[in-house]
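Observations on chain architecture
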Amino acid sequence: MRHAFYLLSFLLISAVQGQQKTNPDEIRDKMKWYENAKLGIFIHWGIYAVNSTDESWAFFNRKISWTEYMQQAKGFTASRYDPEEWAELIQYSGAGYAVITTKHHDGVALWNTKAKHYDVVDNTPAKRDLLAPFYSAIRKRGIKAGAYFSLIDWSHPDYPAITRDSVRYQISNDYERWQRFRNFMHGQLKEVNDLYKPDLWWFDGDWEHSAEEWESMRIRTEILRVNPLSVLNGRLAGWGDYETPEQNIPVSQPKYPWWELCMTTNDNWGYKVTDTNWKTPFEIISIFADVVSNGGNLLLDIGPKEDGTIPAEQVNILRELGDWNKANREAIFGSRAGIPKGHFFGPTTLSADSTKLYLFVSGNSEGPLLVKGLTNKIKSIRVLGNNSALTHKVVGKISWSPVPGLVFINLPRPVQTKYITVLELSLEGPIKLYSGQGGF
Ligand code: GLC
């Protein structure tokens with residue numbers, strides 16, 4: 001009987017869901033701010049910072065027991081937590097949004113949840129809601145507020161899995177128990193939605209169940225009913241607004257109109273004292289330029305310590321990135337994906353009206369740079385950050401052929417800037433490219 005009920009609801013929900021999945025044309029308007037923001041800061045903060053364990057995965061993968069993992073709660077103090085300072089740093093980096101872990105897979109909420117479950121107010125010496133002051137500090141600075149929320153909750157007694165190789169129960173054998181978990185989950189989602197009205201929701205863990213099992217459509221509908229402009233990431237088993245490749249930069253431009261690379265600054269999402277494999281500011285900036293040139297956003301992660309201080313290396317990365325963003329802002333914020341590969345050896349972006357082409361040059365090459373297939377006349381070229389004017393030369397143009405000549409641009413060493421030099425080419429009219437094979 002229970003099986004039949006389960007199957008019937010599954011079929012009904014699938015039928016309805018089939019008709020209503022996200023349609024890019026319908027969400028285009030609400031995605032505007034997100035599309036122009038380019039940079040977000042991801043924050044993984046939780047009890048895992050206490051003993052530098054993997055965030056939630058430590059017990060799921062049986063590196064330590066669940067009990068030992070949860071004991072970290074006793075050491076989570078937030079004693080030096082200064083949300084204004086966090087917000088100031090995020091603003092300095094140039095990010096337009098920040099996404100904080102309201103609850104990771106371990107189930108420990110950073111707010112005062114009404115549900116009978118773990119939170120930092122009742123179970124840690126921090127004893128207070130850590131989200132409200134953070135969201136208000138960033139919003140004051142015009143930064144959008146994002147809520148990471150793990151659908152998975154391995155600590156909840158009604159969640160089917162607790163570790164990789166053991167299950168509490170099978171959903172198909174105990175549908176009521178699963179329904180209890182879902183009621184709890186919808187309740188927590190509603191709390192976060194009502195309390196903080198997130199501008200963006202960042203779901204995680206959808207891989208453990210199907211859209212039907214999670215009730216993704218219901219999650220989407222209920223969130224948007226209260227906060228119609230909220231942007232939802234793609235980890236909602238097909239019901240989100242954008243794609244979220246993780247750690248690895250896509251080699252070709254993702255097909256979906258909006259995408260975001262989430263990436264750590266070392267090798268871990270949360271604070272880990274032993275992890276010193278920091279990416280350099282140059283590496284981060286190179287990756288950022290590449291992401292933006294492919295039409296995406298970067299969600300760059302930091303992992304504060306249990307006391308709320310941010311590791312010095314991460315502060316440094318965000319500051320260096322911020323300085324670079326300030327100098328090169330025209331090429332990044334509000335820009336569009338660049339021109340197809342093959343025209344220029346490196347990342348590029350375009351202004352929204354496509355009358356300006358930005359070229360990103362890393363290293364200290366003095367040799368002239370080459371742009372191929374550019375039909376427009378170049379009005380002027382300047383270096384962002386110091387406004388130096390550059391000269392260029394067009395070679396190989398045959399007067400009667402539609403194939404444009406090759407553009408060589410001189411970039412003397414003294415006008416080059418830190419990490420990656422960005423050139424702005426002002427074009428006569430919106431960009432027009434020739435991408436043929438050079439025949440007549
Ligand atoms: C993965 C991990 C999780 C991390 C997330 C961030 O999904 O499960 O630990 O929070 O990536 O993108």
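For the structure, check the block above.
Rules behind the numbers
Residues numbered from 1 in each chain as written. Predicted model: local features only at pLDDT ≥ 70, side-chain atom pairs only at ≥ 80, totals over all residues. Heavy atoms only, no water. Axes fitted to C-alpha atoms, helices over the stretch in contact; angles between N-to-C directions. Helix = DSSP H or I, 4+ residues; strand = E, 2+ residues; numbered from the N terminus. Parallel < 35°, antiparallel > 145°, perpendicular 65-115°, else oblique. Contact = heavy atoms within 4.5 Å. Nonpolar A, V, L, I, M, F, W, Y, C, P; charged D, E, K, R; others polar. Pairing = 2+ DSSP bridges. Near = heavy atom within 4 Å. Polar contact = N/O pair within 3.5 Å; in protein donor to acceptor, adjacent residues only side chain to side chain. Buried < 20%, exposed > 50% of the residue type's maximum accessible area, 1.4 Å probe, protein only. 1 Å grid on protein atoms, 1.4 Å probe; cavity = no way out; pocket = protein on both sides within 12 Å on 5 of 7 lines; lining within 4 Å. Points joined across faces, edges and corners; volume = space filled by probe spheres on them.

A look at the packing of helix 6 (residues 83-93) against helix 13 (residues 312-327)
Helix packing geometry: the angle between the two helix axes and the distance between the axes. Running from N to C, helix 6 and helix 13 cross one another at 40°; their axes reach a closest spacing of 7 Å. By the criterion of interaxial angle, the relationship of helix 6 to helix 13 is oblique. Where helix 6 approaches helix 13, its residues Leu89, Tyr92 and Ser93 are matched on the opposing element by Val315, Leu318, Arg319, Leu321, Gly322, Asp323, Asn325 and Lys326. In terms of residue class, the contact of helix 6 with helix 13 is made up of 5 nonpolar, 3 polar and 3 charged.

Here we look at the sheet that holds strand 13 (residues 369-371)
Within the open sheet, the 3 strands sit side by side as 13-16-15. Their pairing is antiparallel. Unpaired on one side and paired on the other, strand 13 and strand 15 (392-395) mark the two borders of the sheet. Geometrically, the sheet is characterised by an average inter-axis angle of 25° between neighbouring strands, direction not taken into account. Two elements, strand 13 and strand 16 (residues 406-409), share 3 bridges in a ladder whose sense is antiparallel. Each bridged residue has a counterpart across the sheet, and for Val371 the counterpart in strand 16 is Val407.

A closer look at the site of the ligand
Around the ligand, the surrounding shell holds 14 residues, and the nearest of these are His44, Glu55, His104, His105 and Glu246. A distance of 2.6 Å separates an oxygen atom of the ligand from a polar side-chain atom of His44. Take His104: an N or O atom from its side chain is 2.8 Å from an oxygen atom of the ligand. Here the shell around the ligand is built from residues that sort into 7 nonpolar, 3 polar and 4 charged.

A closer look at unusual backbone geometry
In the Ramachandran plot, Gln247 falls in the positive-phi region, its phi being about 65° despite a non-glycine side chain. Here Ser354, not a glycine, exhibits a phi torsion of approximately 55°, which is positive. For Ser354, a relative accessible area of 17% puts it in the buried group.

Observations regarding the environment of Gly363
Within the secondary structure, Gly363 is located in the loop between strand 12 (356-362) and strand 13. For Gly363, a relative accessible area of 37% puts it in the partly exposed group. On a C-alpha basis, the gap between Gly363 and Lys418 in space is 9.3 Å, while along the polypeptide they are 55 residues apart. Those residues in contact with Gly363 that sit more than four places away from it in its chain are Gln416 and Tyr419.

Regarding empty space enclosed by the protein
Enumeration over the complete set of coordinates arrives at 3 cavities of 30 Å³ or more. In this model, the second largest cavity occupies a volume close to 50 Å³. If you go around the second largest cavity, the residues you meet are Trp45, Gly46, Ile47, Tyr48, Thr101, Thr102, Lys103, His104, Asp106, Val108 and Leu110. Among the residues forming the lining of the second largest cavity, the class breakdown is 5 nonpolar, 4 polar and 2 charged.

The values are spatial; any link to function lies outside them.
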